[in-house]
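Residue-level structure breakdown
Residues per chain are reported as follows:
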Amino acid sequence: MKTSINKAIQSIFMIVAVAFFQSIAAQNDPVRLGFIPLTDCSPIVMAKELGLFKKYGVEVVVTKESSWANVRDKILTGELDGAHCLYSMPFSVYTGVGGKAGSEMMIAMMLNVNGQAVTLSNDFCGKVGFKQMNKVTPVVAAKLKAEKEVTFAMTFPGGTHDLWLRNWMSVAGLNQKAVKIITIPPPQMVANMKVGNMDGFCVGEPWGGVAVKQGIGFTQVASQDIWKDHPEKALVVNKEFSAKRRSDLVKVMKAVMEACKWLDVPSNRKKAAAIIGKAPYVNAPADVIEARLMGDYNLGCNQGVEIYDKDYMLFHKGGMVNYPRKSHAIWAMAQFVRFGYLKEAPNYTAIADKLILDDLYKEVAKSMNVKVPNDDMKPFALTMDKTVFDPSNPAAYLKVVKK
């Protein structure tokens, strides 16, 4: 009897010991963060390049990923602990729009606002000008009549580029069912437009600027024209990582926050452009990255230059950028209903509460003397579409907003 009890105790001890040492080993593992080759991966890349992860006492391995679907899968399986990610992607995945419904990806903080664009092919040059929204639909209609098909590309169903593209179509009065919308990874946009696979695309910089530089397309509108200071990318993390390695996540967030502050100093942007333009990162011309980082947009198609002064890509803005707002999560999910991805409204508030680590963000912000905005859950309207969105009543918004 005693022998059996002793063996049971030994077995329990071994199980506890193995779990303990596995936990210790996991704490010593480097944090694995992914990114997609876009200018707004800069906070993660520069946190690495500036030695900020080391400053805050965490080892981080940064890896280039091929597509948003790849990022999604790796975060969910734990192959990545976190990544630079479309802010609306966790809600798209959880609701079943862009992944297996119920899959949880957690938002730790926001990385940037603004800095995406709708680029049209040269077939539209001279027919539709910069921000000439009233000319889009007639030109598309004529092209449909002549060629039977018009194709636009975005980067992930329910992702931010998808939402900006569909909001752009709505403002232009373009019937979304009349055109074809495809999914293409960001770094492949320009090459696909070059061979005629699409008539336009919505993606983050520098790919809009690269299309202009290569003479294959022009900027019809920047995303900040659609919605000034719109939420864009977030630091999204694996659920288990956020729970079991909370202290490491805090260190990562502090390093990324400091990188965001550094990036908002105009004199640092030339240095950032040179670094992120290199092959291991974005692999694009540094001059194109720098120009649009500085708000200097060569529009292409002989349209001249548009200077964005206070509404170019921003990474911190005194803390206004980095706070993950539940109202923005609810707005994104309302778009899924608006554009037919979801037949019924999801439980907006419950999902936002589940996936946004706002208490953790507030803790980190307080420790770094970063002010937390008090504007969450207040009504707002986009810059082009003036329809007021009240996050406490999405149903009222959906009754009156254009489809």
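Calculation notes
- Residues numbered from 1 in each chain as written.
- Predicted model: local features only at pLDDT ≥ 70, side-chain atom pairs only at ≥ 80, totals over all residues.
- Heavy atoms only, no water.
- Helix = DSSP H or I, 4+ residues; strand = E, 2+ residues; numbered from the N terminus.
- Rg over C-alpha atoms; globule rule 2.2 N^0.38 Å.
- Buried < 20%, exposed > 50% of the residue type's maximum accessible area, 1.4 Å probe, protein only.
- Areas by Shrake-Rupley, 256 points an atom, 1.4 Å probe, with all protein chains shown as cover.
- Lys, Arg positive; Asp, Glu negative; His and termini not counted.
- Charge placed at Lys NZ, Arg CZ, Asp CG, Glu CD.
- Arc of directions from axis to C-beta.
- Contact = heavy atoms within 4.5 Å.
- Disulfide = S-S within 2.5 Å.
- Pairing = 2+ DSSP bridges.
- Axes fitted to C-alpha atoms, helices over the stretch in contact; angles between N-to-C directions.
- pLDDT = per-residue confidence, 0-100.
- 1 Å grid on protein atoms, 1.4 Å probe; cavity = no way out; pocket = protein on both sides within 12 Å on 5 of 7 lines; lining within 4 Å.
- Points joined across faces, edges and corners; volume = space filled by probe spheres on them.
- Salt bridge = Lys/Arg side-chain N within 4 Å of Asp/Glu carboxyl O.
- Parallel < 35°, antiparallel > 145°, perpendicular 65-115°, else oblique.
- Left-handed = near helix turned anticlockwise from the far one by under 90°.
- Nonpolar A, V, L, I, M, F, W, Y, C, P; charged D, E, K, R; others polar.

1. Some points on the overall build of the protein chain
- If you tally the helices and strands in the protein chain, you get 18 helices and 14 strands.
- Here the protein chain has a C-alpha radius of gyration of 22 Å; the compact-globule value for 403 residues is 22 Å, and the two agree.
- With respect to the three principal axes, the spread of C-alpha positions in the protein chain is 90 × 45 × 40 Å.
- Going through the 403 residues of the protein chain one by one, you find that 57% of them count as buried.
- Accessible surface, the protein chain: about 16,700 Å² in total, of which carbon and sulfur atoms supply 54%.
- Across the protein chain, 50 positive and 37 negative side-chain charges occur, with their mean positions spaced 2 Å apart.

2. Concerning helix 16 (residues 348–355)
- All of the buried residues in helix 16 are Tyr-348, Ile-351, Ala-352 and Leu-355. Buried residues in helix 16, looked at end-on, bunch into an arc of 100°, giving them a common side.
- In this fold, the buried residues of helix 16 make contact with helix 5 (89–94), strand 4 (105–110), helix 15 (326–338) and helix 18 (394–400).

3. Some details on the state of the cysteines
- A complete count under the given rule lists 1 disulfide for this structure.
- The partner cysteine of Cys-125 in its disulfide is Cys-301, sulfur to sulfur 1.9 Å. Across the S-S bond linking Cys-125 and Cys-301, the dihedral sits near 100°, which makes this disulfide right-handed. You can see Cys-125 sitting in the loop between strand 5 (116–121) and helix 6 (136–147) and its partner Cys-301 sitting in the loop between strand 11 (296–298) and strand 12 (305–307), a full 176 residues away along the chain.
- On the basis of relative accessible area, Cys-125 is assigned to the partly exposed category, the value being 30%.
- Of all cysteine sulfurs in the structure, the one in Cys-41 sits closest to Cys-85, which takes part in no disulfide; the separation is 13 Å.

4. A few points about the sheet that holds strand 6 (residues 151–154)
- Pairing in this open sheet of 5 strands is mixed, and the strands run 7-6-8-5-9 from one edge to the other. Edge positions in the sheet fall to strand 7 (180–183) and strand 9 (217–222), since each has one partner strand and no second. Taken over all neighbouring pairs, the strand axes of this sheet differ in orientation by 25° on average, direction set aside.
- With 5 bridges connecting them, strand 5 and strand 8 (residues 200–204) associate as antiparallel partners. When the bridges of strand 8 are listed, Val-118 appears paired with Cys-202.
- Strands strand 5, strand 6, strand 7, strand 8 and strand 9 of the sheet are contacted by helix 7 (residues 160–172), whose axis makes an angle of about 145° with strand 6.

5. Quick look at the confidence of the model for the protein chain
- Chain-level pLDDT for the protein chain is 94 on average; 93% of the residues reach the 70-or-more range.
- Across residues 16–25 the pLDDT falls below 50, and counting only partners more than four positions away or on other chains, this stretch makes 0 contacts in the model.

6. Structural notes on empty space enclosed by the protein
- Throughout the structure, instances matching the rule amount to 3 cavities of 30 Å³ or more.
- Each pocket or cavity is described by its volume, and for the largest cavity that value is around 50 Å³.
- Around the largest cavity, the lining residues are Thr-39, Gly-115, Glu-205, Pro-206, Val-288, Ile-289, Arg-292, Leu-293, Tyr-297 and Met-313.

7. Section: the pattern of salt bridges
- Taken as a whole, this structure holds 25 salt bridges when the rule is applied.
- A salt bridge links Arg-325 to Asp-375, with the shortest nitrogen-to-oxygen separation between them at 2.9 Å. A residue pair is termed long-range when its members are at least 10 positions apart, and Arg-325 in the loop between strand 12 and helix 15 and Asp-375 in the loop between helix 17 (358–367) and strand 13 (380–381) qualify at 50 residues.
- On the accessibility criterion, Asp-375 (27% relative accessible area) is partly exposed.

8. As for the packing of helix 15 against helix 16
- Put simply, helix 15 and helix 16 touch, their axes get as near as 9 Å, and they point 130° apart. When the interaxial angle is binned, helix 15 and helix 16 end up oblique. In the packing of helix 15 onto helix 16, the handedness of the crossing is right-handed. Between helix 15 and helix 16, the contacting residues are Lys-326, Ala-329, Ile-330, Met-333, Ala-334 and Val-337 on the first element and Tyr-348, Thr-349, Ile-351, Ala-352 and Asp-353 on the second.
- For the contact of helix 15 with helix 16, the residue count by class is 8 nonpolar, 1 polar and 2 charged.

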